[in-house]
Amino acid sequence: METIKVIVAGPRGKMGSEALNMIQREQHLSLAACIDRENDGINVKDIHGLPDLDALIYTDAEACLNEVEADVLIDLTTPDNGYIHTKLALNNGVRPVVGTTGFTQEQLQELTSLAEEKQLGTVIAPNFAIGAVLMMQFSKWAAKHFPDVEIIEKHHDQKLDAPSGTAVKTAELIKEVRNPHHQGHKDEKETLPGARGADEEGMRIHSMRLPGLVAHQEVVFGGLGETLTIKHDSIHRESFMSGVKLAVEKAVELDTLVYGLEHLLD
Ligand SMILES: NC(=O)C1=CN([C@@H]2O[C@H](COP(=O)(O)OP(=O)(O)OC[C@H]3O[C@@H](n4cnc5c(N)ncnc54)[C@H](O)[C@@H]3O)[C@@H](O)[C@H]2O)C=CC1
Ligand SMILES: O=C(O)C1=N[C@H](C(=O)O)C[C@H](O)C1
């Protein structure tokens, strides 16, 4: 396999630093550069806590994507910056692999059109953990039989977006097989606003944020005399890295945008 040259945006973050470790482990991946908010012109290997990888850090994303010879950008930053980086990558011939969540539907549509116009493989995956992808697929299957469903997602308290990208994607998959309808009593009233969670075509989504959590989701279905719970827990961010690696490998073979890792799995 040819070496894939990768730029990582957000290298000092919880996910970005795991991505650097993954690149260091994989012989067919090499780190071309990083995009960070700080440390312009400094080498990654000279930053305390980052792996021994020889690549320069840029604070100017446009300069980085324009000057550095790279195949793929892995973005693990924030919703606003991730969107800007993804557009810059596509406009500079670099294939984006985006883990950053919180993009709007309009942004996703715009990026889909841009990737198609540029014919550049792009992977936007709300969750790179294989178990989470299966949890979403199983939930779609279950929703065919149990149309009353609530999603409970639980994350660490540093998370910027709510609901999580995974919960949004789960709801989208369920919506493909579930007819919109109100859930709960027709006359129910919230005496505390928000008590029933977000409302997506009558399906409820609840977001929990606590220190100590990593990334967890339960999809709870209710039927006559029974309930079904489909649950996934990421207890370490290593859980996401086999999916990131797969996305990088597939991005160089694709010429359109793929939203969701399920499209890349057998
Ligand atoms: N798709 C997936 O499987 C997963 C996605 N995520 C998403 O990945 C993103 C990052 O998550 P974490 O690593 O937990 O967050 P974090 O807060 O630990 O890291 C984000 C990093 O981005 C950097 N950053 C912010 N703006 C930047 C800019 N303009 N240029 C360069 N770097 C910039 C910050 O300095 C920080 O180091 C979030 O959107 C999160 O929801 C997180 C885990 C799994
Ligand atoms: O911010 C996180 O941590 C995570 N974000 C993604 C999401 O929003 O679904 C994926 C995973 O849940 C971890």
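Residues numbered from 1 in each chain as written. Chains lettered and ligands numbered in written order. Predicted model: local features only at pLDDT ≥ 70, side-chain atom pairs only at ≥ 80, totals over all residues. Heavy atoms only, no water.

(A) The sheet that holds strand β12 (residues 257-259), seen in detail. As summarised here, the arrangement of the seven strands in space is β3-β2-β1-β4-β5-β6-β12, forming an open sheet in which the pairing is parallel. Strand pairing shows two members of the sheet lacking a second neighbour, β3 (56-58) and β12, which therefore form its edges. On average, adjacent strands in this sheet sit at an angle of 25 degrees to one another, irrespective of strand direction. Pairing between strand β6 (residues 122-124) and β12: three bridges, direction parallel. In the strand pairing of β12, I124 is matched with Y259. The strands that helix α4 (residues 105-118) touches are β6 and β12; relative to β12, the one it contacts most, it runs at about 150 degrees. The strands touched by helix α7 (residues 241-251) are β1 (4-9), β2 (29-35), β4 (72-75), β5 (95-98) and β6; relative to β5, the strand with the most contacts, the crossing angle is about 160 degrees. (Pairing = 2+ DSSP bridges. Helix = DSSP H or I, 4+ residues; strand = E, 2+ residues; numbered from the N terminus. Axes fitted to C-alpha atoms, helices over the stretch in contact; angles between N-to-C directions. Contact = heavy atoms within 4.5 Å.)

(B) Inspection of unusual backbone geometry at higher detail. Look at the link from A162 to P163: it is a cis peptide, with omega at -5 degrees. Here P163 lies in the loop between β7 (148-155) and α6 (165-175). Backbone geometry at N39 places phi at a positive 70 degrees, although glycine is not the residue there. Along the chain, N39 turns up in the loop between β2 and β3.

(C) Molecular detail of the pattern of salt bridges. For the structure shown, the criterion picks out 17 salt bridges. Between E188 and R196 there is a salt bridge, and its shortest N-O distance comes to 3.0 Å. A relative accessible area of 19% places R196 in the buried class. Each of R12, D36 and E38 takes part in salt bridges that share partners, so that together they form one network. (Salt bridge = Lys/Arg side-chain N within 4 Å of Asp/Glu carboxyl O. Buried < 20%, exposed > 50% of the residue type's maximum accessible area, 1.4 Å probe, protein only.)

(D) View of a nonpolar patch on the surface. Where nonpolar side chains cluster on the molecular surface, the patch consists of I130, L134, F138 and W141 and spans about 400 Å² of accessible area. Considering the arrangement of structural elements, one finds L134 in helix α5 (residues 130-145). When its relative accessible area of 38% is taken as the criterion, L134 is described as partly exposed. (Patch = residues over 30% accessible without salt bridge, like charges linked within 9 Å, V, L, I, M, F, W, Y side chains within 5 Å. Areas by Shrake-Rupley, 256 points an atom, 1.4 Å probe, with all protein chains shown as cover.)

(E) Local environment of the UniProt feature "active site" (unreviewed entry) in the protein. The sites that carry the UniProt feature "active site" (unreviewed entry) are, in the present numbering, H155 and K159. Looking at where H155 falls in the secondary structure, it is placed in strand β7. Given the relative accessible area of 9%, H155 is considered buried. Not counting chain neighbours up to four residues away, the residues in contact with H155 comprise S164, M208, R209, L210, L213, V214, A215 and H216. Inspection of the secondary structure puts K159 in the loop between β7 and α6. Aside from chain neighbours lying at most four places away, what touches K159 is T101, S164 and R209. Within the structure, the side chain of K159 is placed 3.4 Å from the side chain of T101, a separation counted as a polar contact. (UniProt positions renumbered as here; feature names shortened; annotations may be inferred. Polar contact = N/O pair within 3.5 Å; in protein donor to acceptor, adjacent residues only side chain to side chain.)

(F) Quick look at the state of the cysteines. Enumeration according to the criterion identifies zero disulfides in this entry. Looking at the unpaired C34, the closest cysteine sulfur is the one in C64, lying at 8.1 Å. (Disulfide = S-S within 2.5 Å.)

(G) Looking closely at the site of ligand 2. Near ligand 2, the surroundings consist of T101, P126, N127, H155, H156, K159, D161, S164, G165, T166, A215 and F240. One of the side-chain N or O atoms of H155 is found 2.5 Å from an oxygen atom in ligand 2. Between ligand 2 and G165, the relevant distance is 2.8 Å, taken from an oxygen atom to a main-chain nitrogen or oxygen of the residue. (Near = heavy atom within 4 Å.)

(H) Quick peek at α7. For α7, the buried fraction is high: eight of the eleven residues fall into the buried class. When α7 is considered as a whole, its buried residues turn out to be M241, G243, V244, L246, A247, V248, E249 and A251. Buried-residue contacts for α7 involve β1, α1 (14-25), β2, β4, β5 and β6.

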